[in-house]
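Listed below are the residues making up each chain.
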Amino acid sequence: MFQLAKYGTQTTIYFSIIKRGVVDLAQSADWTPATGDTKISKDGGTLANTTNNPAIVAGTNGVIWSLVVTATELQAADVRIQIVDSATKAVEDQSLLIYTYGNASA
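The sections below set out a description of the structure shown in this document. Remember, it's a predicted structure, so these values are computed and weren't measured experimentally.

What follows covers the sheet that holds strand β3 (residues 38-42). Taken together, five strands build an open sheet; the order of strands is β1-β8-β7-β3-β4 and the sheet is mixed. The sheet is open, and its two edges are formed by β1 (2-6) and β4 (48-49), each paired on a single side. Looking at chain direction, β1 and strand β8 (residues 94-101) are connected through five bridges and run parallel. Note on β8: the bridge partner recorded for Gln3 is Ile98.

In structure tokens form, the structure reads like this:
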């Protein structure tokens, strides 16, 4: 999955994530993201923890998640985010790709 974001501007991205071993989308009761579950690579660089963890979008039986990507994290042309549950594997691994625009370095 890929998204567009303005270079160097904090952005909230939205996505769904699948529960481990089934075809249902994960709700808040299915997974509690922890530090280290979400990592970022800017322009193919070394992976590092994201500043923020994913959060469920509020609502009854919500299955949409959000992640606030900081302005600093979006100072790259190609931003890759991996979501890998490091504890109990409650959700399937996922990768998000963000292309930036609006700057010569984008």
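On to the nonpolar core, then. Membership of the largest hydrophobic core comes to 18 residues, with the highest contact counts inside it found for Ile13, Ile17, Val69, Val79, Ile81, Ile83 and Ile98. Of all elements in the fold, only β2 (11-15), β6 (65-69), β7 (78-83) and β8 reach the threshold of two or more residues within this core. Discounting residues that sit within four places of it in the chain, Ile13 has contacts with Gln3, Trp65, Ser66, Leu67, Val69, Ile81, Leu96 and Ile98.

Rules behind the numbers
- Residues numbered from 1 in each chain as written.
- Predicted model: local features only at pLDDT ≥ 70, side-chain atom pairs only at ≥ 80, totals over all residues.
- Heavy atoms only, no water.
- Pairing = 2+ DSSP bridges.
- Helix = DSSP H or I, 4+ residues; strand = E, 2+ residues; numbered from the N terminus.
- Core = buried A, V, L, I, M, F, W, Y, C linked by side-chain atoms within 4.5 Å.
- Buried < 20%, exposed > 50% of the residue type's maximum accessible area, 1.4 Å probe, protein only.
- Contact = heavy atoms within 4.5 Å.

Purely geometric stuff here, so don't read any function into it on its own.
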